[in-house]
Structures are given as structure tokens and as C-alpha cells.
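# Coordinates in review
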Amino acid sequence: VERLRIEADGDIGLGTNSPNRSGYGAPVVSIGYNTSNNYSVLELQGNKTSDATIATIVGYNVGGTSRIAQMNFARDGANNSGAITFDTYVSGSSSERLRIDSSGRLLLGTTTEGASNANNLTIASSSSAGMTLRSGTTSSANIYFSDATSGAGEYAGFIQYNHTNDYLNFGTGGSERFRIDSSGKVGFNNTAPSAAIE
């Protein structure tokens with residue numbers, strides 16, 4: 001049974017005798033599917049027992065001399081826990097731009113998590129300032145504006161929608177300051193507004 005094919009134009013087929021079905025200019029590496037389960041797998045293996053990259057996919061320009069971007073698979077907290085990071089290069093120097101950590105947090109422009117809970121999105125201009133979006137619990141959805149990754153500044157400002165009681169509130173310093181309830185009533189420093197503003 002044929003297992004590997006290298007065609008005259010440089011296309012490579014692993015488990016397929018028809019590589020480069022996309023029609024891109026050669027060389028293209030194609031991996032065939034398993035006929036018993038109809039899917040294919042590309043394995044990248046490493047051997048790290050401390051947090052570090054275990055495998056990398058790299059993109060080069062100018063005949064393979066200029067690295068421009070890469071995707072990394074990294075150990076994250078345990079030998080069976082991992083993160084995926086994406087780097088880009090500016091004038092030959094790399095910077096991490098996006099990270100998905102082992103808890104499912106998505107970090108843009110920072111390698112430091114925001115609020116210490118899973119399923120959030122942290123967008124930052126630096127490691128200590130940014131905005132965290134998270135789903136919250138089944139009773140509320142929250143947007144946090146943070147000037148720190150923990151402590152008093154972690155929830156410096158927030159916008160929250162409460163699903164259970166159907167109201168929207170805004171807060172600073174970790175405390176609610178402004179609320180709009182489901183009937184349109186508005187309260188300033190009042191969690192039970194009694195009148196609507198027209």
C-alpha cells in the first residue's frame with residue numbers, strides 16, 4: 001500500500017496519492033484521512049516538564065531567511081495542560097500577540113491574565129492595563145475595566161447585565177453607581193430606582 005508520495009513539482013502526500021488539491025503553487029504537504037474514521041491528524045511532539053514551548057509552526061519570507069510569524073504550543077501549568085500562542089515579528093523582533101491558556105482565557109496584547117476566572121477575554125495595551133470581558137455566571141454578564149491583574153484595581157470599573165433581575169448597571173471602584181432596570185427606571189447610587197428619565 002502506498003504510504004508516501006513526492007511528486008516532481010515537490011508536492012508531498014502522506015497517506016494520499018493526490019497531494020495539493022487546493023492548487024497552490026508547490027510545494028504543498030497534504031495529509032490523507034483514515035478511511036475508517038474519515039479524518040486526519042498532525043502530531044507535534046515535545047518533552048517539557050516546565051512551562052515552555054513544546055512545538056512551533058513558523059512562517060518565513062525572502063527565501064526562508066526572514067521569520068515573520070509563528071504559532072506555538074506550550075506546556076501550561078502541568079505536563080498534560082497546554083496553551084497556544086501566536087507571535088508576529090517587527091523588524092526581526094518577535095512579540096506574542098495572542099494567547100489561549102489552559103483555562104480557556106483569551107489574551108490579546110498581553111501575556112498576563114486579567115480577573116482570575118476562566119472563560120474571559122483580556123485586551124491590554126500592556127501587562128497591567130486593559131479590559132476584561134467575561135461571561136460571568138448564568139445570572140449575569142460582565143465587562144471589567146482593569147488597571148491591575150489583582151487587588152483593588154482588578155475591578156476598577158465595570159458594566160454588568162443581570163439576567164435574573166433584568167437590569168443593567170455601571171460601577172466604579174468595585175461598587176455599583178448607576179442602574180437601569182427593565183422598566184427604564186434609572187438610579188444613581190441607588191440599587192432600587194423609582195423613576196424613569198424621559
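Computed from a prediction, not measured in an experiment: that's the story for all the values here. (Residues numbered from 1 in each chain as written. Predicted model: local features only at pLDDT ≥ 70, side-chain atom pairs only at ≥ 80, totals over all residues. Heavy atoms only, no water.)

Let us now look at the pairing of strand β12 (residues 157–162). Relative to β12, strand β11 (residues 140–146) is paired through 6 bridges, and the arrangement is antiparallel. When the bridges of β12 are listed, F145 appears paired with G157. Examined bridge by bridge, β12 and strand β13 (residues 167–172) share 6 bridges and lie antiparallel to one another. Considered in β13, the bridge of Y161 is made with L168. Count of turn residues in the β12/β13 antiparallel hairpin: 4 residues, of which D166 carries a positive phi of about 55 degrees. (Pairing = 2+ DSSP bridges. Helix = DSSP H or I, 4+ residues; strand = E, 2+ residues; numbered from the N terminus.)

Let us look at the pattern of salt bridges. Taken as a whole, this structure holds 5 salt bridges when the rule is applied. For R5, the salt bridge goes to E7, with nearest N and O atoms at 3.7 Å. Exposure remark for R5: the relative accessible area of 29% places this residue in the partly exposed category. By relative accessible area, which is 28% here, E7 ends up partly exposed. Salt bridges sharing partners connect three or more residues here, namely E2, R5 and E7. (Salt bridge = Lys/Arg side-chain N within 4 Å of Asp/Glu carboxyl O. Buried < 20%, exposed > 50% of the residue type's maximum accessible area, 1.4 Å probe, protein only.)

Summarising the element assignment, R75 is placed in strand β5 (residues 66–75). R75 gets classed as buried once you look at its relative accessible area, which sits at 16%. Within the local environment of R75, its side chain forms a polar contact with the backbone oxygen of T49, the two atoms lying 3.4 Å apart. Polar side-chain contacts of R75 include one of 2.8 Å to the side chain of N79. (Polar contact = N/O pair within 3.5 Å; in protein donor to acceptor, adjacent residues only side chain to side chain.)

A word on the layout of surface pockets. The computed volume of the largest pocket comes to approximately 260 Å³. What lines the largest pocket is G15, T16, N17, S18, N20, R21, S30, I31, G32, Y33, N34 and T35. Each residue belonging to the lining of the largest pocket can be placed in one class, and the counts come to 2 nonpolar, 9 polar and 1 charged. (1 Å grid on protein atoms, 1.4 Å probe; cavity = no way out; pocket = protein on both sides within 12 Å on 5 of 7 lines; lining within 4 Å. Points joined across faces, edges and corners; volume = space filled by probe spheres on them. Nonpolar A, V, L, I, M, F, W, Y, C, P; charged D, E, K, R; others polar.)

The next subject is the sheet that holds strand β1 (residues 4–6). The pairing of strands in a sheet comes from backbone hydrogen bonds and takes either a parallel or an antiparallel form. An order of β1-β2-β3 is seen for the 3 strands of this open sheet, with the pairing classed as mixed. Unpaired on one side and paired on the other, β1 and β3 (29–31) mark the two borders of the sheet. Ignoring strand direction, the axes of neighbouring strands in this sheet form an average angle of 10 degrees. In this structure, strand β2 (residues 12–14) lies alongside β3, joined through 3 bridges in parallel fashion. Paired with I12 across the strands is V29, a residue of β3. (Axes fitted to C-alpha atoms, helices over the stretch in contact; angles between N-to-C directions.)

Backbone geometry places N38, a non-glycine residue, at a positive phi of 65 degrees. Inspection of the secondary structure puts N38 in the loop between β3 and β4 (53–61). Of note in the backbone geometry, D166 takes a positive phi value of approximately 55 degrees without being a glycine. Inspection of the secondary structure puts D166 in the loop between β12 and β13. Using a relative accessible area of 33% as the deciding quantity, one classes D166 as partly exposed.

Before going further, it helps to examine the packing of aromatic side chains. What the rule picks out here adds up to 2 aromatic pairs. Between F170 and F178 the ring centres are 5.6 Å apart and the planes differ by 40 degrees, which places this aromatic pair in the tilted class. Looking at F178, the relative accessible area reads 21%, which means it is partly exposed. Centre to centre, the rings of F178 and F188 are 4.9 Å apart; their planes meet at 35 degrees, and the pair counts as tilted. With a gap of 10 residues between them, F178 in strand β14 (residues 175–181) and F188 in strand β15 (residues 186–188) connect regions that are remote in the sequence. (Phe/Tyr/Trp six-rings, centres within 6.5 Å; stacked < 30°, edge-to-face > 60°.)

Here we come to the pairing of β13. Residues Y167, N169 and G171 line the buried face of β13, whereas the alternating positions L168, F170 and T172 sit on a face that is not buried. Bridging between β13 and β14 involves 6 bridges; their strand directions are antiparallel. Bridged to T172 within β14 is S175. What sits between the antiparallel neighbours β13 and β14 is a turn of 2 residues, in which G173 has the positive phi angle 60 degrees.

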